[in-house]
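Okay, here's what each chain looks like letter by letter:
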Amino acid sequence: MEFAIHQPLKTYAGGLGFLAGSHMRSAYELQQNVLGIGILWKYGYYDQVRKQDQAMYVLFQEKVYGFLKKTDIRFSVNVSGHEVFVTAYYLAPEIFHTAPVFFLSTDIPENDYLSKTICHRLYDSNPETRIAASILLGNGGAKLLEIINWLPDVYHMNESHGLPLAFHLYKKYEDVKEVERRLRFTNHTPEPSGNEKTNLLLLQKFGYFEGISPEEVRKIAQVKNDLLDHTGTAIRLAGRVNAVSKLHCKTLESMCKETQSSGKLIAITNAQKFAYWADDEMYKALSENDDRALATRKRKCKQVLFEEVADQNGEIFNENVLTIVFAKRFGGYKRPELLLGDMNRFERLVSNINRPVQIIWAGKPYPMDYTAIALFDRIVDICKTYPNCSIITGYEMKLSKLLKQGADVWLNTPRMGHEASGTSGMTAAMNGAVNVSMPDGWFPEFAKDKNNSFIIPAAPYDLAVHQQDEAEARALYDLLEKEIIPMYYDNPDKWISVIKNGMRDIMPRFDSNRMAREYYEKLYAEV
């Protein structure tokens, strides 16, 4: 559903898109026989801007892409009994150094207005529009490949958004084993919002199954009631399934057992494209063991980030002060407010003139997640009180790189068991930022506590959610006050060694070239 390839192409919301973009860049570099298919979202995810009082506002603005090649491809898909016409735009490999990518669109003159809106907004809040978008991606993507006569050995679905593809293949081959032979599936989250369940008859009405009867769908998808479990169905019909970290694999095992598909499951930990994200000057200093040059480059990157902070918030930050950054999609389980769990301790933290800190938040909530938007606005209000605290808008690829280059501490506080992988910390380490994180997702595969990062101790799992939050907020304050801040100011040699260890250890294990090879050799292998 999303590709984060480069800042000018606004076809992504968050981590899933960042991974797809890195995958396409690595497939290009490794010269893999891979082609990407997505949707050209006319208004993108949304533009994050501000109201008069600095609170967050959601702006849907039309996007124009002169670098995409219009094609004369025309075909149709059936949505709710209507013929919807589809065209494709082509992203040539030489534009951003990616594998070839096609973007589907229904926003063409042949369609009525409702049909055009299918590709207007990524993750539209209207469930019927999301169903139509899945049909466009899954069914439309398969039809596009047939039209251009590029028939793959393997179809790989990132999440279950393109699930109609599985039913398209079943209708074509009339054999579940043939579908399994061709289909692969990656699950990226244990969160319910990413594992939808939809009424079977509603999907049938929309043409989700390409005319396959409800009885036949129940049989091949093993639906026991009238709710189709999108993730469960993808697991059943795919020949091989991968989790995106070793910890996530344990979570996904239970879902695979429910579908009697445990033998299909493998773990391929996420990664990001080193050549795109890493700061070359920092790595040059690292290779020459020049600590002074590394520290100088880090301060320069902080200055560049602080110009953005000053522009947005009117605050002048100091490049010699420890700077903590929390930047990722604002969602409940990500807990961007954990640092605000005890306002007395927060006050002491940000008011300490002997060992000062600066804190920056950034992130885009789902545009209709009013709870997350209210949390963003609460942080806006708090930042007005403290000149060393700032929250900035526009967390997309360009700002993401600025924040990682300018952060001393990259803070990651997901509620344990909810982060399938997470990847922002990987690219942070590639830019000399020290990860301070809960031991969830990819992080335990990388972290060496107090050597290349800092681990926030997890609270006991049997505590109530609010008790876990309180305990882990206390642990975070203790870690900052007793270890991280003193090390930064009192032992700069040790601090620079932690930075260097993180920069070394992130490579090559968390470079997407490794990930793309594993997909190609393990996930795409014959079954």
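Residues numbered from 1 in each chain as written. Predicted model: local features only at pLDDT ≥ 70, side-chain atom pairs only at ≥ 80, totals over all residues. Heavy atoms only, no water.

### Focus on the overall build of the chain
1) Next: When you go through the chain residue by residue, the secondary structure sums to 20 helices and 19 strands.
2) Next: For 527 residues, the compact-globule estimate of 2.2 N^0.38 gives 24 Å, and the C-alpha radius of gyration of the chain, at 23 Å, lies within 12% of that figure.
3) Next: Burial status across the chain gives 60% buried among its 527 residues.
4) Next: On the chain, roughly 21,500 Å² of surface is accessible, and the fraction owed to carbon and sulfur atoms is 49%.
5) Next: Considering the chain, the positive charge centre built from 63 side chains and the negative charge centre built from 66 side chains are found 2 Å apart. (Helix = DSSP H or I, 4+ residues; strand = E, 2+ residues; numbered from the N terminus. Rg over C-alpha atoms; globule rule 2.2 N^0.38 Å. Buried < 20%, exposed > 50% of the residue type's maximum accessible area, 1.4 Å probe, protein only. Areas by Shrake-Rupley, 256 points an atom, 1.4 Å probe, with all protein chains shown as cover. Lys, Arg positive; Asp, Glu negative; His and termini not counted. Charge placed at Lys NZ, Arg CZ, Asp CG, Glu CD.)

### Regarding unusual backbone geometry
1) Next: With omega at -5°, the peptide bond leading from methionine 507 into proline 508 counts as cis.
2) Next: Its place among the elements puts proline 508 in the loop between helix H19 (492-505) and helix H20 (512-523).
3) Next: Unlike most non-glycine residues, serine 80 shows phi in positive territory, near 55°.
4) Next: The backbone of tyrosine 123 sits at a positive phi, close to 55°, despite the residue not being glycine.
5) Next: Residue placement: tyrosine 123 occurs in the loop between helix H3 (113-116) and helix H4 (127-147).

### Some remarks on the sheet that holds strand E17 (residues 409-412)
1) Next: Strand order in the open sheet formed by six strands is E16-E15-E14-E17-E18-E19, and the pairing between neighbours is parallel. Each end of this open sheet is capped by a strand with a single partner; those strands are strand E16 (389-392) and strand E19 (453-455). Neighbouring strand axes in the sheet, compared pairwise and without regard to direction, differ in orientation by 20° on average.
2) Next: Strands strand E15 (357-362) and E16 of the sheet are contacted by helix H15 (residues 370-385), whose axis makes an angle of about 145° with E16.
3) Next: In the packing of helix H16 (residues 397-406) onto the sheet, contacts are made with strand E14 (322-327), E15, E16 and E17, and the angle to E14 comes to roughly 150°. (Pairing = 2+ DSSP bridges. Axes fitted to C-alpha atoms, helices over the stretch in contact; angles between N-to-C directions. Contact = heavy atoms within 4.5 Å.)

### Some thoughts on the pairing of E15
1) Next: Of all the six residues making up E15, six are buried; the element is thus mostly covered by neighbouring parts of the structure.
2) Next: A two-sided burial pattern is seen for E15, the buried positions comprising Val357, Ile359 and Trp361 on one face and Gln358, Ile360 and Ala362 on the other.
3) Next: Pairing of E14 with E15, which is carried by six bridges, proceeds in the parallel orientation. Paired with leucine 322 across the strands is valine 357, a residue of E15.
4) Next: Considered for its hand, the β-α-β crossover made up of E14, helix H14 (residues 343-351) and E15 is right-handed. (Right-handed = clockwise from strand over helix to strand, strands pointing away.)

### Details of the pairing of strand E1 (residues 36-39)
1) Next: Along E1, one buried face is formed by Gly36 and Gly38 and the opposite face, lined by Ile37 and Ile39, is buried too.
2) Next: Pairing of E1 with strand E7 (residues 101-105) involves four bridges; the strand directions are parallel. By the bridge assignment, glycine 36 is partnered in E7 with valine 101.

### Description of the environment of valine 434
1) Next: Structurally, valine 434 is set in strand E18 (residues 434-437).
2) Next: Taking the relative accessible area as the measure of exposure, valine 434 reaches 1% and is therefore buried.
3) Next: Between the C-alpha atom of valine 434 and that of asparagine 451, which follows or precedes it by 17 residues, the distance is 10.0 Å.
4) Next: With near-sequence residues (within four places) excluded, valine 434 lies in contact with Asp408, Val409, Trp410, Ser453, Phe454, Trp495, Val498 and Ile499.

### A look at the packing of aromatic side chains
Given two aromatic rings, one states the distance between the centres and the angle between the planes to describe the pair.
1) Next: Within the structure shown, the criterion is met by 27 aromatic pairs.
2) Next: Note on tryptophan 442 and phenylalanine 446: the rings are 5.1 Å apart at their centroids and 35° apart in plane angle, and the pair reads as tilted. The pair formed by tryptophan 442 and phenylalanine 446 is uniform in burial state, with each residue classed as buried.
3) Next: Judged by centre distance (6.1 Å) and plane angle (80°), the ring pair of phenylalanine 446 and phenylalanine 510 falls under edge-to-face. Of this pair, phenylalanine 446 sits in the loop between E18 and E19 while phenylalanine 510 sits in the loop between H19 and H20, and the two are 64 residues apart along the sequence. Across the pair, exposure class does not vary: phenylalanine 446 and phenylalanine 510 are buried alike.
4) Next: The lysine or arginine in question, lysine 401, covers the ring of tyrosine 276, its NZ or CZ lying 4.2 Å from the ring centre.
5) Next: In this arrangement the basic side chain of lysine 404 is found over the ring face of tryptophan 277, its NZ or CZ atom lying 4.6 Å from the centre. (Phe/Tyr/Trp six-rings, centres within 6.5 Å; stacked < 30°, edge-to-face > 60°. Lys NZ or Arg CZ within 6 Å of the ring centre and 35° of its normal.)

### Considerations on the nonpolar core
1) Next: Of all hydrophobic cores here, the largest spans 136 residues; its most connected members are Leu183, Leu228, Leu339, Phe346, Trp361 and Trp495.
2) Next: Sorting elements by how many residues they give to this core places helix H18 (residues 465-490) first, with ten residues.
3) Next: Contact partners of tryptophan 361, with chain neighbours within four places excluded, come to Phe326, Phe330, Pro336, Leu339, Leu340, Phe346, Ile379, Cys383, Cys389, Ser390, Ile391 and Ile392.
4) Next: Core analysis: the second largest hydrophobic core is formed by 17 residues, Ile392, Leu399, Leu402 and Ala407 among them. (Core = buried A, V, L, I, M, F, W, Y, C linked by side-chain atoms within 4.5 Å.)

### A closer look at the pattern of salt bridges
Pairing is possible between side chains of opposite charge, provided their charged atoms come close.
1) Next: Here the structure, examined in full by the defined rule, presents 31 salt bridges.
2) Next: The residue glutamate 481 makes a salt bridge to arginine 345 at a minimum N-O spacing of 2.7 Å. On the criterion of sequence distance, the pair formed by glutamate 481 in helix H18 and arginine 345 in helix H14 is long-range, its members being 136 residues apart.
3) Next: With its nearest N and O atoms 3.3 Å apart, the salt bridge here joins glutamate 483 to lysine 450. One end of the pair, glutamate 483, is in helix H18; the other, lysine 450, is in the loop between E18 and E19, and 33 residues separate them in sequence.
4) Next: Of the residues examined, glutamate 483 reaches a relative accessible area of 28% and is grouped as partly exposed. (Salt bridge = Lys/Arg side-chain N within 4 Å of Asp/Glu carboxyl O.)

### Description of the sheet that holds strand E8 (residues 155-158)
1) Next: With respect to topology, four strands assemble into an open sheet ordered E8-E9-E12-E13, the strand pairing being parallel. On the outer flanks of this sheet lie E8 and strand E13 (265-267), each paired with one strand and no other. Direction aside, neighbouring strands of the sheet carry axes that sit 25° apart on average.
2) Next: In the sheet, strand E9 (residues 183-186) pairs with strand E12 (residues 240-243) via three bridges, with the strands oriented parallel. Paired with arginine 184 across the bridge in E12 is arginine 240.
3) Next: Sitting on the sheet, helix H9 (residues 230-237) is in contact with E8, E9 and E12, with an inclination near 140° to E9.

Read these as geometric descriptors, not functional statements.
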